[in-house]
Amino acid sequence: MGIITSILSGFALAFIAPVLYRFGRGATGWIVAMLPLGLAAYFSSLIPQVCSGEVITESFRWIPSLGINLSFYLDGLSLLFALLISSIGALILIYAGRYLSGHPCLGRFYLYILMFMASMLGVVLADNLITLFVFWELTSLSSYFLIGFEHDRHESRAAALQALLVTGIGGLALLAGFILLGQTGESLELSNLLNSGDAIRNHQLYTPILLLVLAGAFTKSAQVPFHFWLPSAMEAPTPVSAYLHSATMVKAGIYLLARLSPVLGGTDLWLYSLTTAGAATMVVGAYMAIQQSNLKLILAYSTVSVLGILTMLLGLGTELAIKAAMVFLVGHVLYKAALFLVAGAVDHETGTRDVNRLGGLWRAMPITAIAAGLAALSMSGLPPFFGFIGKELFYEAGLTVQSAAHLLTGVSMLTGMLLFVAAGMAGIRPFIGRQYILHKKPHEPPVSLWLGPVLLAGSGLACGVAPGLVDTSLVAPAVSAIIGHPVPVKLALWHGLNPALVIGTITVAGGLGLFAVRSRLIKVLSPLSNVVVLSPTYLYKRSLDGLMAIASLQARIIQSGYQRYYLLIIFTVTAALVLYTLISLGGLHGPVNLSNIQFYEAGLAALILMGALLSILTNSRFTAVAALGVVGYSVALIYIIYGAPDLATTQILIETLTVILFVLVVYHLPIFSKFSSVAARIRDALISLFAGGTMTALVLKATNVQFHPTISSYFAENSVPLAHGRNIVNVILVDFRALDTLGEITVLAVAGIGVYALLKLKLKPEGV
Amino acid sequence: MDTVLAIVIGGLYAAGFYSMLRRSIVKLVIGFILLSNATNLLIFTASGLTRGRPPLVIEGANALAQPHADPLPQALILTAIVIGFGVLAFILVLVHRVYQTIGTDDMDKMKGIDT
């Protein structure tokens, strides 16, 4: 019960948070942060259990007939993510309460971000694939609301929509992949699928499954060429960028790849697609990062780069690579969230995020500067930070691959150097050197704005100095969960003098060199950025425009706004469908029976047809009314001839009333004028004749159908004994089906009220 | 007679459709009346015609003598006639009101008028 409670409590708090904000105001951030803090404590309490190799599952029936259950699965991998989500969530909530204080929609912000947190927990804890998918989509949806939080700005809305469309399309592919996976593996539960990896990898549907799942993971985790939505998402308030777009949501794709690697991993297709996409992403991201001058964009692109590194490592799939991925992931979460929060604090204090206008801030905001420095050093991969351990493992994993180790190492080194430069630009540069004149005089921000960065960056240092804090308790269970059997993980700062250390040192030296010449470097490389960045964005924009053009074209055709075109389509399509059905049911040949026709019947038929024709052709309103009267009374006579005296009576009464009413109304209307052209008339006449002819065919067919007589004969037999009435039609109306008649009377009464209201309604003159 | 009535019904429908496709709103109402009559006759004819044998139980008998006209469609049509009239009355008054307010009976000119 613990897991589902932890998720549902997040949703529950989300919905009461706006109310809470009305009473809690400024303290709300601290109050709501208690929940993720409590959740973090709960997940920590599971560490010993999970470390001993235990897996915690919970299952609730949802749609058992389809194999869909609300089931949860907690192993080392899930636990690592759940801990990150809940503990960073707490810091973010405290931070956001202050960062956005005074914002008119802050109450709503808590709703969105708590909803996101709960959904994200759902993603990493779900056992059933459909459950996972539902939470996955909920994270996209809450991300949409959070990116578009400043909804009165066009850029925010556009960025939100872009993120939603890109991840949403990926999500649909993922759903298809999950369904295929469920059919192939004969279960939708991850816990079962994890044991049937071999069968799935050898199945003929393996390739489509993998490609669909990758489409979902790559869009969510911003892999090239889907990476463009992540920098755009920086329109979101900074706490959101820190939480969703660096620490958690963008890692959902990484989580999924890690989670499914025992099922789908280990093949050539897996290896090549993940390493290619990952390597491309890490270089493009790092390269783009140093091209930026906006603090948040530098961080966003470096996040893209790290997501590429993680994808590549998961693609390699060796024990070492998986170990590197998990260490790198934890390190990245710690330093990147810290740097984002620092960027927010700097923006909050100085009013700008432009790195070219920031410098020397350490004097005004020393605590923030220390946090930023620690985080940046970890990001640069310098000892004794956790980022250093991650980077060493990353190089080591690259060196041990069987093919293309040199290429991979070279690309990794390039990425490492560029990330080093980015770290310096975002975390060090704004705080040292000359101070610029700013609109606002910066001060040290309040505790809620530096608590998060200090704790996160401090943890990065602590884990680096004493990796024993996390290696056996968090990293080892996660690695074991991905590999599929227990793997011991012993992390240390000093690995001895090995190639990875040498490479690391070269990277740092190269990074320092590049940092020194960065302004010239940026200028030289900038023409490239147009190609790399603009093309996917351009494609996205063009396809969106195309979609809108098709939609408006379609709307123009279907939604013409003219009543008669709607009717035209309805008549034609209905008649064609009826005709098709009639033909497919055995042709149009009804028994044409022209014998046994009395002369007065033929006369009546002719009268009706002539009346109808006259009523539509005449130019005189009163002729039309009279012609309609002829039709109505003739129909009444047909009712009389064929044994329906009640119908005839009603028809005559109603027809009389209709004629009177019509005359009264039409008297006030203008005379008929011919509005439409001859061509339009001919077209309408042809379509009407076609539809009318179809109805004739339908009647001919229908008279041949032998109705089962039970219902009518029941009335015929029981009318006298049960209802004591001899007129069976009357008995049906007032006795057997009296309730229907009550409904009919109600309709009449409502129509009567409507008529009365319309007649009595006084139009107010304009402006009164 | 079935065949003749089938043609009559088809004719009524065709006239009703044609009338509804006109731009004048009064023609729309005329089309509505024609369609009501056509549909009532359609139900009446489709359920089988019996000449001159109304579904009335004669005095002294306990059940209907065969053959007789089917009472059930008659009950349905009776309801339909009455409801059709209710709707028609409402439409007519509405048309009257629309003309008073907008001053046109051309449906193409009724677009985008918010009075």
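Computed from a predicted structure; not experimentally measured.

**Topic: the pairing of strand 2 (residues 68–74) of chain A**
All names here are of chain A.
In step 1: Summarising burial for strand 2: five of the seven residues are buried, a large majority.
In step 2: Direction of pairing for strand 1 (residues 56–63) relative to strand 2: antiparallel, over a ladder of seven bridges. Bridge pairing in strand 2 links S59 to S71.
In step 3: Connecting strand 1 to the next strand, strand 2, in antiparallel fashion are four residues, including G67 with a positive phi near 75°.

**Quick look at helix 22 (residues 499–516) of chain A**
All names here are of chain A.
In step 1: With 18 residues, helix 22 extends 26 Å between its outermost C-alpha atoms, agreeing within 8% with the 26 Å of an ideal straight helix rising 1.5 Å per residue.
In step 2: Considered for burial, the residues of helix 22 that qualify are A500, I503, G504, T507, G511 and F515. In a view along the axis of helix 22, the buried residues occupy a sector of 105°, so they form one face of it. Opposite the packed face of helix 22, turned more than 90 degrees from it, sit the exposed residues P499, V502, T505, A509 and A516.

**Digging into the domain arrangement of chain A**
In step 1: Assigned domains within chain A: domain 1 (560–589 + 679–705), domain 2 (600–673) and domain 3 (710–768).
In step 2: Taking only C-alpha atoms, the centre of domain 2 of chain A and the centre of domain 3 of chain A are 23 Å apart.

**Details of the environment of A:G185**
All names here are of chain A.
In step 1: Within the fold, G185 resides in helix 7 (residues 154–185).
In step 2: Put simply, G185 and V524 are 339 residues apart on the chain and 52 Å apart in space, counted from C-alpha to C-alpha.
In step 3: Here G185 is in contact with N192, L193, S196 and I200, once residues within four sequence places are set aside.

**A look at the UniProt feature "transmembrane region" (unreviewed entry) in chain B**
All names here are of chain B.
In step 1: On the UniProt side, "transmembrane region" (unreviewed entry) is annotated at positions that read residues 6–21, 28–49 and 75–95 here.
In step 2: For residues 28–49, helix accounts for 86% and strand for 0%, while the C-alpha atoms at its two ends are 31 Å apart.
In step 3: Secondary structure content for residues 75–95 is 100% helix and 0% strand, and the end C-alpha separation is 30 Å.

Rules behind the numbers
Residues numbered from 1 in each chain as written. Chains lettered and ligands numbered in written order. Predicted model: local features only at pLDDT ≥ 70, side-chain atom pairs only at ≥ 80, totals over all residues. Buried ≥ 20, exposed ≤ 12 C-beta atoms within 10 Å, placed from the backbone. Helix = DSSP H or I, 4+ residues; strand = E, 2+ residues; numbered from the N terminus. Pairing = 2+ DSSP bridges. Expected span 1.5 Å × (residues − 1). Arc of directions from axis to C-beta. Domains from an automatic or database assignment. Contact = placed C-beta atoms within 7 Å. UniProt positions renumbered as here; feature names shortened; annotations may be inferred.

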